[in-house]
Amino acid sequence: MARVRHRYEVVDGHKIFYREAGRVDAPTVVLLHGFPSSSFMFRDLIPRLADSYRVIAPDFLGFGFSDSPSVERFNYTFDALADLTEELLVGLNIARYAIYVQDCGAPVGWRLALRRPESVTAIISQSGNAYDVGYVDTFWGPVRAYEREQNSWTEAAARQSLSLELIKWLYINGVEDESVVSPDAWIHDFALVSRPGNDLVQLKLFCEYTSNSLLYPRLHKYFRSEQPPLLAVWGRGDEVFCPAGAQAFATDLPNAEIHLLEGGHFLLESALDSVEPLVRAFLAQHARP
């Protein structure tokens with residue numbers, strides 16, 4: 001398999017970590033991670049794709065190994081995360097690319113596509129919602145309550161999403177055989193969100209997350225007018241974004257490829273061997289330099 005390189009780039013004064021593999025002249029695929037993970041969630045997929053593609057997987061500011069300035073020093077919004085991601089790609093001389101989005105990587109990817117639709121050649125969504133349907137209330141209820149009103153009660157409930165127990169649940173929910181999911185994943189994520197001050201970063205983004213639905217009408221118009229090729233690969237057992245979120249893409253993209261696989265929210269941890277051939281076949285048809 002291709003060698004994966006681990007790099008940093010200074011973007012607008014912040015060190016952004018990213019994983020890179022593949023030939024520089026190959027079609028580019030940008031992998032945008034979800035909460036509470038980082039590019040680490042793509043650690044096994046990257047070398048599998050790098051024989052045919054240039055693969056770039058950044059850590060958003062406040063996640064993974066990228067800088068994590070305090071909420072007093074940086075205004076964490078999804079617009080801001082998209083700004084930094086876009087600047088990183090410009091700095092790497094990447095003008096056209098496919099995006100692979102998951103969870104909170106989706107609203108970053110949607111912003112990139114809306115800003116520069118000519119740059120995005122294809123879209124892969126793994127539990128990356130683009131519609132109001134598909135949000136599971138048992139997970140999102142506390143987050144939405146905290147977004148509506150920040151007080152000690154709503155904050156305590158929202159903070160459960162930063163606990164080791166809940167982060168582990170994100171990885172094993174919907175997985176038939178939990179033993180196939182490495183504890184490295186949730187231990188890694190928990191350690192990084194437990195850095196001093198990072199809890200406030202995540203809480204700030206919780207306050208921003210469901211407001212992404214305000215972007216959806218523009219996004220649906222983009223889908224209808226541009227008809228970007230889209231592949232949705234979703235865990236049937238995902239209890240954060242349920243399969244209705246995947247099926248909704250067909251509303252505006254009748255040619256979307258939608259696959260519901262056995263697994264949960266972090267599908268690559270248990271079903272990589274099922275996801276990879278779908279992704280490779282899709283990119284072979286739609287990814288362009």
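Conventions adopted
- Residues numbered from 1 in each chain as written.
- Predicted model: local features only at pLDDT ≥ 70, side-chain atom pairs only at ≥ 80, totals over all residues.
- Heavy atoms only, no water.
- Helix = DSSP H or I, 4+ residues; strand = E, 2+ residues; numbered from the N terminus.
- Buried < 20%, exposed > 50% of the residue type's maximum accessible area, 1.4 Å probe, protein only.
- Contact = heavy atoms within 4.5 Å.
- Areas by Shrake-Rupley, 256 points an atom, 1.4 Å probe, with all protein chains shown as cover.
- Lys, Arg positive; Asp, Glu negative; His and termini not counted.
- Charge placed at Lys NZ, Arg CZ, Asp CG, Glu CD.
- Axes fitted to C-alpha atoms, helices over the stretch in contact; angles between N-to-C directions.
- Left-handed = near helix turned anticlockwise from the far one by under 90°.
- Nonpolar A, V, L, I, M, F, W, Y, C, P; charged D, E, K, R; others polar.
- Pairing = 2+ DSSP bridges.

Engineer: Looking at this model, I keep getting lost on the overall build of the protein chain. Mind explaining?
Structural biologist: Along the backbone of the protein chain there are 11 helices and 8 strands. Classification of the 289 residues of the protein chain by burial places 57% in the buried group. Taking contacts inside the protein chain between residues at least 6 apart in sequence as the whole, the part at least 24 apart equals 76%. Per element, the accessible surface of the protein chain, about 11900 Å² overall, is 50% carbon and sulfur. Side-chain charges of the protein chain comprise 26 positive and 37 negative groups, with the mean position of each set lying 6 Å from the other.

Engineer: Help me understand the packing of helix H4 (residues 137-148) against helix H5 (residues 152-159) in this model?
Structural biologist: In helix packing, the relevant descriptors are the interaxial angle and the interaxial distance, both defined with respect to the helix axes. Relative to each other, H4 and H5 sit at 145°, their axes nearing to 8 Å. When the axes of H4 and H5 are compared, the crossing they make is left-handed. Between H4 and H5, the contacting residues are Pro-142, Ala-145 and Tyr-146 on the first element and Thr-154, Glu-155, Ala-157 and Ala-158 on the second. Counted by class, the contact of H4 with H5 contains 5 nonpolar, 1 polar and 1 charged residues.

Engineer: What should I look at first to understand the pairing of strand E7 (residues 230-235) in this one?
Structural biologist: When a strand is regular, its side chains alternate between the sheet's two faces. Counting buried positions along E7 gives 6 out of 6 residues, so the element sits mostly inside the fold. Burial along E7 is two-sided: the residues Leu-230, Ala-232 and Trp-234 and Leu-231, Val-233 and Gly-235 are all buried. The pairing of E7 with strand E8 (residues 257-261) spans 5 bridges and is parallel. Bridge pairing in E8 links Leu-231 to Glu-257.

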